[in-house]
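Chains, contacts and geometry: an overview
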Amino acid sequence: MLCPPNWDGQSDRRGSLALGFPAGFVSGVRVVNVIVNRSYRRSQCSYSHVGLDLLCSLLDTSFAMRPLCTSLIYVLAVLGLEAVMQKECEIVGILQDKLKYKERLQYMKYYFPLNYTVTVQYEEVLRTSNVSRLRDEAITEPSLRYLWFHVSSQVVLKIRDVLPEQHPSWSYTQELCDLLEGLGAEYEKYKQGDMDIVVADLVKRIHDAEAGSNRKPVRPKALLDNCVKVMRMLYSTPCKWDSA
């Protein structure tokens, strides 16, 4: 992830003026860096000044102009990430409407035999308590959302796979699959190397039947209940959902 340089316009102020740049130029650079630093605090990303500086050097930017170049590149990167997050919020918002309690009760309980269960891997039972523990281990929010996506996708697929197409819950479950597939297209924009190692290992276990741990039977509604609770936990703040 691109992050801002540790530069606030102060250290090079004298040198820039000595090179003949007007005071307004330096002030403009400082304004850009204020925006960058605020974006940096919001995104809580890691520092990568070397990569940005290298990119600006490849663009044949003069040394005096390089701080402004790196700042502008970072601003563009932040805007791009915010656009991606906006699309995620749009899809997850639709998913939240589909997963209202009334729908979960009807399609995942009433239309199933009494005490019916679906066999899933232990890693596919993702609860809010699991997410809280991962947060305590300093796992990043994008990584947690990435994990939630993979767990939810696998859980919904396993529910759908036990249903014949004539079942009243099949179409509903297929709609959930389609929404998650659309969300998956957004997550493809994330670099695998940016994910925390702990999450990458969990995702690998989820998709590798042999690497996964013990299986356990879980009721379909309970699986989607977990999905909804964790979704609200991870998306309410970045998507600015009404807490009510």
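Basis of the calculations
Residues numbered from 1 in each chain as written. Predicted model: local features only at pLDDT ≥ 70, side-chain atom pairs only at ≥ 80, totals over all residues. Heavy atoms only, no water. 1 Å grid on protein atoms, 1.4 Å probe; cavity = no way out; pocket = protein on both sides within 12 Å on 5 of 7 lines; lining within 4 Å. Points joined across faces, edges and corners; volume = space filled by probe spheres on them. Helix = DSSP H or I, 4+ residues; strand = E, 2+ residues; numbered from the N terminus. Salt bridge = Lys/Arg side-chain N within 4 Å of Asp/Glu carboxyl O. Buried < 20%, exposed > 50% of the residue type's maximum accessible area, 1.4 Å probe, protein only. Nonpolar A, V, L, I, M, F, W, Y, C, P; charged D, E, K, R; others polar. Phe/Tyr/Trp six-rings, centres within 6.5 Å; stacked < 30°, edge-to-face > 60°. Lys NZ or Arg CZ within 6 Å of the ring centre and 35° of its normal. Core = buried A, V, L, I, M, F, W, Y, C linked by side-chain atoms within 4.5 Å. Contact = heavy atoms within 4.5 Å. Disulfide = S-S within 2.5 Å. Axes fitted to C-alpha atoms, helices over the stretch in contact; angles between N-to-C directions. Parallel < 35°, antiparallel > 145°, perpendicular 65-115°, else oblique. Left-handed = near helix turned anticlockwise from the far one by under 90°.

As annotated in an unreviewed UniProt entry, the protein chain is Interleukin-34 isoform A from Alligator mississippiensis.

Section: empty space enclosed by the protein
Under the definition given, this model contains two cavities of 30 Å³ or more. Volume-wise, the largest cavity comes out at about 80 Å³. Around the largest cavity, the lining residues are Glu124, Leu126, Trp148, Val151, Ser152, Val155, Val156, Leu223, Leu224, Asn226 and Cys227. For the lining of the largest cavity, the elements supplying multiple residues, two or more each, are α7 (141-161) and α10 (220-235). With five residues, α7 is the single largest residue contributor to the lining of the largest cavity.

Notes on the pattern of salt bridges
Scanning all chains against the criterion turns up ten salt bridges. Close ionic contact of glutamate 141 with arginine 135 constitutes a salt bridge, the shortest N to O distance being 3.0 Å. For aspartate 201, the salt bridge goes to arginine 205, with nearest N and O atoms at 3.5 Å. With aspartate 201 and arginine 205 both in helix α9 (residues 197-207) and four residues apart, this pair spans about one turn of that helix. Taking the relative accessible area as the measure of exposure, aspartate 201 reaches 40% and is therefore partly exposed.

Considerations on the layout of surface pockets
Here the second largest pocket defines a volume of roughly 280 Å³. In terms of lining residues, the second largest pocket is bounded by 13 residues, among which Tyr122, Val125, Asn130, Arg133 and Leu202 are the most central. Of all the secondary structure elements, the ones that give two or more residues to the lining of the second largest pocket are α6 (128-136), α7 and α9. For the lining of the second largest pocket, the leading source of residues is α6, giving three residues. Grouping the amino acids of the lining of the second largest pocket by side-chain chemistry returns eight nonpolar, one polar and four charged.

A word on the packing of aromatic side chains
Under the counting rule described, the total for this entry stands at four aromatic pairs. Ring geometry for tyrosine 107 against tyrosine 172: centres 4.4 Å apart, planes inclined by 10°, an arrangement best described as stacked. In this pair, tyrosine 107 sits in helix α5 (residues 101-110) while tyrosine 172 sits in helix α8 (residues 170-187), placing the two residues 65 residues apart along the sequence. Classification of tyrosine 172 as buried rests on a relative accessible area of 5%. Summarising the aromatic geometry, the rings of phenylalanine 112 and tyrosine 116 are spaced 5.4 Å apart at their centres and angled 40° between planes, so their arrangement reads as tilted. For phenylalanine 112, a relative accessible area of 9% gives the class buried. Every member of this aromatic cluster is reached through a ring pair, and the members are Tyr107, Tyr111 and Tyr172. Here the basic side chain of arginine 145 rests over the ring of tyrosine 235, its NZ or CZ set 5.8 Å away from the ring centre.

Things to note about the nonpolar core
If you look at the biggest cluster of nonpolar residues, it comprises 48 residues, and the most contacted ones within it are Leu99, Trp148, Ile159, Met231 and Tyr235. Those elements that place two or more of their residues in this core are α4 (66-98), β1 (118-121), α6, α7, α8, α9 and α10. Of all the elements, α7 adds the most residues to this core, at nine residues. Setting aside residues no more than four positions away along its own chain, leucine 99 makes contact with Arg104, Tyr172, Leu176, Leu224, Cys227, Val228 and Met231.

Here's the deal with the state of the cysteines
Here the structure, examined in full by the defined rule, presents one disulfide. Through a disulfide, cysteine 89 is tied to cysteine 239; the S-S separation comes to 2.0 Å. On the sign convention where negative is left-handed, the bridge of cysteine 89 and cysteine 239, at about -85° about the S-S bond, is left-handed. Residue cysteine 89 is found in helix α4, and its partner cysteine 239 is found in the segment after α10; the two are separated by 150 residues along the sequence.

Some details on the packing of α6 against α7
A pair of packed helices is characterised by two quantities: the angle between their axes and the separation of those axes. Contact geometry for α6 and α7: axes closest at 11 Å, N-to-C directions at 150°. Relative to α7, α6 is oriented roughly antiparallel. Note on packing geometry: the crossing formed by α6 with α7 is right-handed. From α6, Val131, Leu134 and Arg135 reach across to α7, where they touch Glu141, Leu144 and Leu147.

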